[in-house]
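# What the coordinates show
Chain residues, written in single-letter form:
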Amino acid sequence: MNGVDRRTERAGWRIEISRACLRSGICAASAPRHFTVGADHRTRPVEGPVEPDPVLLDLVEACPAGAISLTHQDTGRAVTARPEETTDERGK
Ligand code: SF4
């Protein structure tokens, strides 16, 4: 037990795409409600937090550049496929 309130962590996720993005469009094609492709062909996540969605966890794994990251809206902790592996910036 690490003292993290799992109910709070499930409140919402934030999606980020790093500069490593290859603009493959896989994420936008797979989950258009979470990603958009602009006129500049750059893929961007939707604004603001999103409801937790297992599809996003799959896309983190599927992204060929490892460019997608998910964090819990309230805690800033990384979202992983296995909640027990969540970490904050200090790795705790
Ligand atoms: S799947 Fe990854 S590399 Fe492809 S557009 Fe999305 S973030 Fe970029």
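Nothing here was measured: the structure is a model prediction, and the numbers come from that model.

### Focus: the overall build of the protein chain
Counting its secondary structure elements, the protein chain contains 3 helices and 4 strands. The secondary structure elements of the protein chain, listed N-terminal to C-terminal, are α-β-α-β-β-α-β. Across the 92 residues that make up the protein chain, the buried fraction comes to 15%. Residue pairs in contact within the protein chain that sit at least 24 positions apart in sequence constitute 58% of those at least 6 positions apart.

### Quick notes on the site of the ligand
As a matter of local geometry, the ligand sits amid 14 residues, with Cys21, Ser24, Ile26, Cys27 and Cys63 nearest to it. Here the residues of the shell around the ligand sort into 10 nonpolar, 3 polar and 1 charged.

### Section: the pairing of strand 4 (residues 68-72)
One face of the sheet, then the other: side chains in a regular strand alternate in exactly this way. With burial as the criterion, only one face of strand 4 is covered, namely that bearing Ile68, Leu70 and His72; the residues Ser69 and Thr71 on the opposite face remain uncovered. Relative to strand 4, strand 1 (residues 13-17) runs antiparallel, the two sharing 5 bridges. Counterpart to Ile15 in the pairing with strand 4 is Leu70.

### Quick look at the environment of Val60
Of note, Val60 is situated in helix 3 (residues 54-62). Not counting residues up to four positions away in its chain, the partners in contact with Val60 are Ile68 and Leu70.

### Observations concerning the nonpolar core
One finds Trp13, Ile15, Cys27, Phe35, Leu56, Leu59, Cys63, Ile68, Leu70 and Val79 forming the largest nonpolar core, which totals 10 residues. Elements that contribute at least two residues to this core include exactly strand 1, helix 3 and strand 4. Setting aside anything within four residues of it in sequence, one finds Leu70 in contact with Trp13, Ile15, Leu56, Val60, Ala78 and Val79.

### Focus on the confidence of the model for the protein chain
Averaged over all residues, the pLDDT of the protein chain equals 84, while 77% of them reach at least 70. Between the elements of the protein chain, mean pLDDT differs from a low of 46, seen in helix 1 (residues 6-9), to a high of 97, seen in strand 1. In this model, residues 1-9 is a region of pLDDT below 50 whose contacts with residues beyond four sequence positions or in other chains number 11 contacts.

### Considering unusual backbone geometry
Residues other than glycine seldom take positive phi values, yet Arg23 does so here, at roughly 60 degrees. Structurally, Arg23 is set in the loop between strand 1 and helix 2 (26-30). By the C-beta count within 10 Å, which is 14 here, Arg23 ends up partly exposed. Here the phi dihedral of His41 falls at roughly 70 degrees; this positive angle occurs in a residue that is not glycine. Position of His41 among the secondary structure elements: in the loop between strand 2 (35-37) and strand 3 (43-45).

Conventions we followed
- Residues numbered from 1 in each chain as written.
- Predicted model: local features only at pLDDT ≥ 70, side-chain atom pairs only at ≥ 80, totals over all residues.
- Helix = DSSP H or I, 4+ residues; strand = E, 2+ residues; numbered from the N terminus.
- Buried ≥ 20, exposed ≤ 12 C-beta atoms within 10 Å, placed from the backbone.
- Contact = placed C-beta atoms within 7 Å.
- Near = placed C-beta within 6 Å.
- Nonpolar A, V, L, I, M, F, W, Y, C, P; charged D, E, K, R; others polar.
- Pairing = 2+ DSSP bridges.
- Core = buried A, V, L, I, M, F, W, Y, C linked by C-beta atoms within 7 Å.
- pLDDT = per-residue confidence, 0-100.

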